[in-house]
Amino acid sequence: MGTCDKINAIIRNNLSLILTLLGVALGLGVGFAIRPAHPSESVLMWLGLPGQLYLRLLKMMIVPLVVCSVISGTSSLDPKANGKISMVSFVFIFSTNTIGAILGVLAFIAFKPGNSNQKLVAKSSLLSRSVETQDIFADLLRNLVPDNLFEASFQQTVTTYVPITTLNATSNETITSFKRSSGFNRGPNLIGLIFACTLLGIAAASLRDKGKPVIDFFESSTQILIAVLRWFLWTTPLGVLSLILVAVANIKDIGVIFGDLGMHVLAVTVALLLQQLVIMPILYLALTKRNPYKHLAAISRALLTSFAATSTAVVLPEMLHACEVKLGADRRIARFVIPFSIALSANGSAVFIACSCLFISNFTGTYPSADIIATVGVLSALAALAIPSVPSASIVTILMILTTLLIPVEPIALLLAVEFFLDRLRTASNTMGHTMGAMVTHTFCKNTIRPLGSSPHDSNEIKLEISRDPSSSGYGSKADVREERNSNGVQTCT
């Protein structure tokens, strides 16, 4: 009877995870089963509709949750601690992006994908004028300081090239040139919102009593939004089943995937697994002195959800829950670092970008030289800072790097054939990087911030409140204090 109770308890505690795994298995099985029947576009639309609705439910709450969590988190920090938290998290993000780019380069050197191919794929209708390397970093700075917070919630600045056609009067020929212009791309400008909300949170904290109503409002809003999102996340098994089913059923040519691209997929997969299971755990253990595999177990639900959704932004509430509740991170640190990481961190994408650029160079018949390999590594590490948290965003970055290095871009169409798998794998890697970044920052900064619910003067207020309440026993007072410590993440066991 005791064993049965334990099994039932394990099932109840992990029911959501078990159902999500079942959804993954059913999605793969049903997808491969119906693929030979070549389902029509209408059938695939209805099969994929539950997955689309699932993503829309989660995306609906992303901007409000980022705004509320960043303001409530930073408003509880003093400026000195806030500066240290920002610096530690950015150094970790840039370091892991760099490690990812190096792993991508090493994977290419080890496997040499594309070496056996002798012809190019048909040219795809890509942009005739791609953005330059400098444009993506200029856009990063423009998005960092948005000129309209309302617009930043649904669009971001992006450099575009407008074609200008002129007629040469002498030769009577039409000449087309391109003019650089600042346009907009659909999708929330998370880095701009984080920057603005950080300033608002610091300002609210500096006003002390006058800013307290605003702080209380955003803290309450954060809890409400997380509760609503956790309701939505019970639909994850159905959403995962739908998304994976349609992705598998849409595969047109299995031979292309497991033939010409097989070695490239193997190289990227090995590099990502090495990153997730060896490199990142070693770094995490060295910096936090915590068991990295217990960390992986704690974020397993977030990993599975991000694998299905191909976006780290939609698993923000799961990452926050894992770090705050399961891993004991200070909620103020977690609610700042994780949205910050979503905007800047893409260590898994850096692996894919570096290896894919070199693969395409090799595929076109030119094995990349040492200077090209080094340049691709540097550009991949830097460009990973500006990848938006949307599916297949890395393809645009690969296009930018190839154009910069004058490498033919037509074979990018090949990458789309395996995007359904590699995009999911690198998104899961990014998710792990976000949560590890939060825990590393917590380790280095937990002693520089004051305990939750305290201020330079409220320790006396707490003692006074306990002494004035004659009905509260000593046991009750100790329990209250213990709960306060738990919310600070210092002591997680009650």
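One can find the structure itself at the top, above this paragraph.
In this report, we go over the structure that sits alongside the text. Just so we're clear, the structure is a prediction, and the values are computed from it rather than from any experiment. (Residues numbered from 1 in each chain as written. Predicted model: local features only at pLDDT ≥ 70, side-chain atom pairs only at ≥ 80, totals over all residues. Heavy atoms only, no water.)

1. Remarks on the overall build of the chain
Then comes step 1: A tally of helices and strands in the chain yields 23 helices and 2 strands.
Then comes step 2: Buried positions account for 49% of the 494 residues belonging to the chain.
Then comes step 3: Counting only contacts in the chain whose residues sit at least 6 apart along the sequence, the fraction spanning at least 24 positions is 83%.
Then comes step 4: Accessible surface computed for the chain: about 24,000 Å², of which carbon and sulfur atoms make up 65%. (Helix = DSSP H or I, 4+ residues; strand = E, 2+ residues; numbered from the N terminus. Buried < 20%, exposed > 50% of the residue type's maximum accessible area, 1.4 Å probe, protein only. Contact = heavy atoms within 4.5 Å. Areas by Shrake-Rupley, 256 points an atom, 1.4 Å probe, with all protein chains shown as cover.)

2. Some details on the pattern of salt bridges
Then comes step 1: As enumerated under the stated definition, the model contains 6 salt bridges in all.
Then comes step 2: Notably, a salt bridge pairs D216 with K212, separated by 3.0 Å at the nearest N-O pair. Placement of the pair is D216 and K212 together in helix α9 (residues 212-232), with a separation of 4 residues, close to one helical turn.
Then comes step 3: By relative accessible area, D216 is classed as partly exposed at 34%.
Then comes step 4: Given a relative accessible area of 46%, K212 falls into the partly exposed group.
Then comes step 5: For E324, the salt bridge goes to R335, with nearest N and O atoms at 2.9 Å. (Salt bridge = Lys/Arg side-chain N within 4 Å of Asp/Glu carboxyl O.)

3. A few points about the packing of aromatic side chains
Then comes step 1: For the coordinates displayed, the defined rule picks out 5 aromatic pairs.
Then comes step 2: Seen from their ring centres, F336 and F340 are 5.6 Å apart, and the 15 degrees between their planes marks the pair as stacked. With a gap of 4 residues between them, F336 and F340 both fall in helix α16 (residues 331-344), about one helical turn apart. Each member of the pair F336 and F340 is classed as buried. (Phe/Tyr/Trp six-rings, centres within 6.5 Å; stacked < 30°, edge-to-face > 60°.)

4. Quick notes on the side chain of S306
Then comes step 1: Inspection of the secondary structure assignment puts S306 in helix α14 (residues 300-309).
Then comes step 2: Given a relative accessible area of 0%, S306 falls into the buried group.
Then comes step 3: Only 2.9 Å separates the side chain of S306 from the backbone oxygen of L303, close enough to count as a polar contact.
Then comes step 4: In contact with S306, other than residues within four places in its own chain, are S311, V315, T427, A428 and T431. (Polar contact = N/O pair within 3.5 Å; in protein donor to acceptor, adjacent residues only side chain to side chain.)

5. As for the environment of V67
Then comes step 1: Secondary-structure assignment places V67 in helix α4 (residues 62-75).
Then comes step 2: Sequence spacing of V67 and T222 is 155 residues, and the spatial spacing of their C-alpha atoms is 8.8 Å.
Then comes step 3: If we skip the residues at most four places from it in the chain, V67 touches C197 and F218.

6. With respect to unusual backbone geometry
Then comes step 1: The backbone of H38 shows a phi angle near 50 degrees, a positive value even though the residue is not glycine.
Then comes step 2: Structurally, H38 can be placed in the loop between α2 (15-34) and α3 (41-59).
Then comes step 3: Exposure remark for H38: the relative accessible area of 64% places this residue in the exposed category.
Then comes step 4: One non-glycine residue, K112, adopts positive backbone phi at about 50 degrees.
Then comes step 5: Relative to the helices and strands, K112 is located in the loop between α5 (79-111) and α6 (133-144).

7. Examining the environment of G192
Then comes step 1: Structurally, G192 can be placed in helix α8 (residues 190-206).
Then comes step 2: Counting along the chain gives 51 residues from G192 to L141, while the straight-line C-alpha distance between them is 9.1 Å.
Then comes step 3: Residues contacting G192, with those up to four places away along its chain left out, are N143, L144 and P146.

8. Observations regarding the packing of α3 against helix α10 (residues 236-249)
Then comes step 1: Where α3 meets α10, the axes come as close as 8 Å, and the angle between the chain directions of the two elements is 135 degrees. The orientation of α3 relative to α10 falls into the category oblique. When the axes of α3 and α10 are compared, the crossing they make is left-handed. Residues L44, L47, G48, L49, P50, G51, Y54 and L55 of α3 form the contact with α10, whose participating residues are T236, L238, G239, S242, L243, L245, V246 and A249.
Then comes step 2: Of the residues that constitute the contact of α3 with α10, the class distribution is 11 nonpolar, 5 polar and no charged. (Axes fitted to C-alpha atoms, helices over the stretch in contact; angles between N-to-C directions. Parallel < 35°, antiparallel > 145°, perpendicular 65-115°, else oblique. Left-handed = near helix turned anticlockwise from the far one by under 90°. Nonpolar A, V, L, I, M, F, W, Y, C, P; charged D, E, K, R; others polar.)

9. Concerning the state of the cysteines
Then comes step 1: Counted by the stated rule, this structure contains 0 disulfides.
Then comes step 2: Not part of a disulfide, C197 finds its nearest cysteine sulfur in C68, a span of 8.2 Å.
Then comes step 3: Looking at C197, the relative accessible area reads 5%, which means it is buried. (Disulfide = S-S within 2.5 Å.)

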